[in-house]
Amino acid sequence: MRPAVLTGEHYMTGDVACAEGALAAGCLFFGGYPITPATEVAERMSHRLPEIGGTYIQMEDEIAAMASIVGASCAGAKSMTSTSGPGFSLMMENLGLAVITETPCVVVNVQRAGPSTGLPTQGAQGDMMQARWGSHGDYEIIAMAPASAQEIFYQTIDAFNLAEKYRTPVLIMTDEVIGHMSERVVIPDAKEIKTIERVKAKGRKDRYRPYAAGALGVPPMANAGDGYKVHVTGLTHDEMGYPAMTVEAQAVMMERLMGKIQNNRDDIIRYEEFMTEDADYIIVTYGVSARTGRAAVEEARAQGIKVGMLRLITVWPFAEEKIRDLASKVKGMVTVEINLGQVHLEVERCVAGRVPVKLVGHPGGTLISPDTVIHTIKQEFGV
């Protein structure tokens, strides 16, 4: 049997690096359905999981794929699925089930241009608002956006750690370009990789309350088959997991579900600043578009224009405080993303008119040119 962690230097695509990151995090179950451009994640898992004693299953559709990883997680396995836009849409109902039942799992969306079938083989970042609001009702979600094959390896580990720590589904919002681009990926020794396991139920089994808040507002979790009495339902429920059809029960449940993410934002939110210290203008971007943003910053600086970049590593929860802080120090901001302004609307909301905010975006199919970003800064801000 091959090891779960393939220590060494590799040349691999982002999709393959994502699969290897999942294995390094301890993932032992993958349920999926093939879809361009995410199929390579599933293919890699179908080869690798049997080598380490894990389980790979191809389901009949994406609805079932999402259901399968929720069930596998309830049984105690770290679980994952991958998909793209149309499949992501089908997963939304069961994503909500994972949220309300507090079932840790990881969902990878290798985005392509839409809507509907769109451009199946070409990248975009058009599912970012769906990632936040795609399921119904109020809820909080964690969504990450890698910018390279190396980063998607580590981000997948991080996604599993956050899922386990906060008992919640976590989304990895990558795209076709990162998914299919081959790059150098360095995988460290297994002992150097930090993994987090969910807090397990303990104590008298007849006194276990499956949804009673523990540390960080997160309930300890009993695996199916451990002997604890657990009632699992998508209905509003009390601490015992029993349906509670009252306004009061809904308020109590939702306050804790939302609070375990909202109250731990400082632990969850990740971002990277590049040359923001003396910047007059800030590019806000994420994922593959951050590669455009970095090149634009370097070229603008060479032209004597003080541009910096804020790269959102976790897009949800949104780095509101950081964006407000930067907006108080600069003359303007530019959002760079491969859609028609989904995250841009959030940037505008947070800036709240302090400075002008401009969008550099398009509906998908190709990357954004650094020259386009620089041209926008010059034209819109009169530089």
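Right above here is the structure, for reference.
Residues numbered from 1 in each chain as written. Predicted model: local features only at pLDDT ≥ 70, side-chain atom pairs only at ≥ 80, totals over all residues. Heavy atoms only, no water.

### Quick word on the overall build of the chain
For the chain, the count of helices and strands is 13 helices and 15 strands. Since a compact globule built from 383 residues should have a radius of gyration of about 21 Å, the 21 Å found for the chain is in line with a globular shape. Out of the 383 residues belonging to the chain, those deemed buried represent 57%. Expressed as a percentage of contacts within the chain between residues at least 6 apart in sequence, the contacts between residues at least 24 apart total 76%. When the accessible area of the chain is evaluated, it comes to approximately 15,400 Å², of which 53% is carbon and sulfur surface. Across the chain, the 36 positively charged side chains and the 46 negatively charged ones have centroids separated by 6 Å. (Helix = DSSP H or I, 4+ residues; strand = E, 2+ residues; numbered from the N terminus. Rg over C-alpha atoms; globule rule 2.2 N^0.38 Å. Buried < 20%, exposed > 50% of the residue type's maximum accessible area, 1.4 Å probe, protein only. Contact = heavy atoms within 4.5 Å. Areas by Shrake-Rupley, 256 points an atom, 1.4 Å probe, with all protein chains shown as cover. Lys, Arg positive; Asp, Glu negative; His and termini not counted. Charge placed at Lys NZ, Arg CZ, Asp CG, Glu CD.)

### Description of the nonpolar core
Counting 46 residues, the largest nonpolar core has Met66, Leu171, Leu312, Ile323 and Met333 as its most contacted members. One finds Val5, Val16, Ile35 and Phe153 within the second-largest nonpolar core, a separate group that totals 43 residues. (Core = buried A, V, L, I, M, F, W, Y, C linked by side-chain atoms within 4.5 Å.)

### With respect to the pattern of salt bridges
The full count for this structure, using the stated rule, is 28 salt bridges. Of the charged contacts, one joins arginine 48 and glutamate 20 as a salt bridge, the two residues approaching to 2.9 Å between their closest N and O atoms. Pair noted here: arginine 48 is in helix H2 (residues 39–48) and glutamate 20 is in helix H1 (residues 14–25), with a separation of 28 residues, a long-range link. Comparing arginine 48 with glutamate 20, the two get one shared label, buried. Of the charged contacts in the structure, one is a salt bridge between glutamate 102 and lysine 260, with a shortest N-O distance of 2.9 Å. Taken together, the residues span a long stretch of sequence, with glutamate 102 in the loop between helix H4 (85–101) and strand S5 (105–113) and lysine 260 in helix H8 (residues 247–262) at a distance of 158 residues. On the accessibility criterion, glutamate 102 (0% relative accessible area) is buried. (Salt bridge = Lys/Arg side-chain N within 4 Å of Asp/Glu carboxyl O.)

### Notes on the sheet that holds strand S12 (residues 307–312)
In space, the 5 strands of this open sheet follow the order S10-S12-S11-S14-S15, with mixed pairing throughout. Each of the sheet's edge strands pairs with one partner strand only, and the pair in question is strand S10 (271–274) and strand S15 (357–361). In this sheet, adjacent strand axes meet at a mean angle of 20 degrees when their direction is disregarded. As paired elements, strand S11 (residues 281–286) and S12 share 6 bridges and run parallel to each other. Across the sheet, the residue bridging to isoleucine 282 is glycine 308, located in S12. On top of the sheet, helix H10 (residues 289–302) reaches S10, S11, S12 and strand S14 (332–337); it is set at about 165 degrees to S12, its chief contact. (Pairing = 2+ DSSP bridges. Axes fitted to C-alpha atoms, helices over the stretch in contact; angles between N-to-C directions.)

### Some details on the pairing of S11
Of all 6 residues in S11, 6 are buried, a share of seventy percent or more. Neither face of S11 is open: one carries Tyr281, Ile283 and Thr285, the other Ile282, Val284 and Tyr286, and all of them are buried. At this point the chain moves from S11, through H10, to the parallel S12, and the crossover so formed is right-handed. When S11 meets S14, the two strands line up parallel, connected through 5 bridges. (Right-handed = clockwise from strand over helix to strand, strands pointing away.)

### Digging into the environment of glycine 137
Note on placement: glycine 137 falls in the loop between helix H5 (128–133) and strand S7 (142–144). In sequence terms glycine 137 and glycine 96 are 41 residues apart; their C-alpha atoms lie 8.4 Å from each other.

### Points about H8
Taking 1.5 Å per residue, 16 residues should reach 22 Å; H8 reaches 22 Å between its end C-alpha atoms and fits that length. Residues of H8 that are buried include every one of Ala249, Met253, Met254, Arg256, Leu257, Met258, Gly259, Lys260 and Ile261, and no others. Buried residues in H8 make contact with H4, S7, helix H6 (149–166) and helix H9 (265–268). (Expected span 1.5 Å × (residues − 1).)

### Some remarks on the environment of aspartate 280
For aspartate 280, the location among the structural elements is in the loop between S10 and S11. Overall, aspartate 280 belongs to the partly exposed group, its relative accessible area being 23%. Sequence separation of aspartate 280 and valine 307 is 27 residues, and the distance between their C-alpha atoms is 6.0 Å. In contact with aspartate 280, not counting residues within four places along its chain, are Lys306, Val330, Lys331 and Gly332.

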